[in-house]
Amino acid sequence: MLRAVIESLAILIRIKMDGIRDDLDRNRINLRAIRVSGGVTKSKNFNQLLANILKFPIEKSNFSNASSVYGAAFLAGLSAGIFENVEDLKKLRQCDEKFYPNQDEIFKKSSYEFDLKNWKKALKRFNDWNE
């Protein structure tokens, strides 16, 4: 059951990322990797699964559970002149590990694409029925 919960979480993230990628493509913004932090991302298995389902590199941030706090602190430091520019902030930002999509695993688990299509169909049916 735990595996099903983790897989469903990764699939939900994929659905959100598909929309974000569409917006990025429309605005000609190239995304090189997705940075993750906190909670479930402490699991190497989850991070690898996420990279496989997203078919995109995942970087585990060195700021574990407080990424939003660090982000606010970095912006405050930039505003207060503690940091000269965004490049100074990029030097502080590091990742502990990188996870790349594993093609062999993707082909073994190609049912994720099928599951995703079925999930979207079911969601559409529910929304149509609910109206």
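Structure: above.
Residues numbered from 1 in each chain as written. Predicted model: local features only at pLDDT ≥ 70, side-chain atom pairs only at ≥ 80, totals over all residues. Heavy atoms only, no water.

**What about the environment of arginine 35?**
The condition that has to hold: The helix count covers DSSP runs of H or I at least four residues long, the strand count covers runs of E at least two residues long, and both are numbered beginning at the N terminus. Burial classes follow relative accessibility: with a 1.4 Å probe on protein chains only, a residue under 20% of its type's maximum area counts as buried, one over 50% as exposed, and anything between as partly exposed. Counting of polar contacts relies on pairs of N or O atoms within 3.5 Å, with two restrictions inside protein: one atom must be capable of donating a hydrogen and the other of accepting it, and residues adjacent in sequence are counted only when both atoms are side-chain atoms.
Within the fold, arginine 35 resides in strand S1 (residues 34-36). Overall, the relative accessible area of 33% leaves arginine 35 in the partly exposed class. Placed 59 residues apart in sequence, arginine 35 and glutamine 94 show a C-alpha to C-alpha distance of 9.8 Å. Within polar-contact distance, the side chain of arginine 35 engages the side chain of glutamate 59 at 2.6 Å.

**Comments concerning the pattern of salt bridges**
Side chains that differ in sign of charge can pair as their charged atoms come close. Selection rule: Criterion for a salt bridge: a side-chain nitrogen of Lys or Arg within 4 Å of a carboxyl oxygen of Asp or Glu.
Tallied over the full model, the rule gives seven salt bridges. The partner of arginine 14 in a salt bridge is aspartate 18, and the shortest N-O contact between them spans 2.9 Å. You can see arginine 14 and its partner aspartate 18 sitting in helix H1 (residues 2-26), four residues apart, about one turn around the helix. Its relative accessible area of 11% is what places arginine 14 among the buried residues. Across the pair lysine 98 and glutamate 59 runs a salt bridge whose closest N-O atoms are separated by 3.8 Å. Taken together, the residues lysine 98 in strand S3 (residues 95-99) and glutamate 59 in strand S2 (residues 58-61) connect sequence positions 39 residues apart. Under the relative-accessibility criterion, lysine 98 is labelled partly exposed at 47%. Its relative accessible area of 15% is what places glutamate 59 among the buried residues.

**What about the sheet that holds S2?**
So the rule is basically this: The criterion for strand pairing is that DSSP finds at least two bridges linking the strands in question. All axes are obtained by fitting lines to C-alpha atoms, using only the stretch in contact for helices, and the reported angles, taken between N-to-C directions, cover 0 to 180 degrees.
Strand order in the open sheet formed by three strands is S1-S2-S3, with mixed pairing between adjacent strands. Two strands bound the open sheet, and with one partner strand each, they are S1 and S3. Taking the axes of each pair of neighbouring strands and ignoring which way they run, one obtains an average angle of 25° across the sheet. Here four bridges tie S2 to S3, and the two strands are oriented antiparallel to one another. Residue pairing across strands places lysine 60 opposite glutamate 97, the latter belonging to S3.

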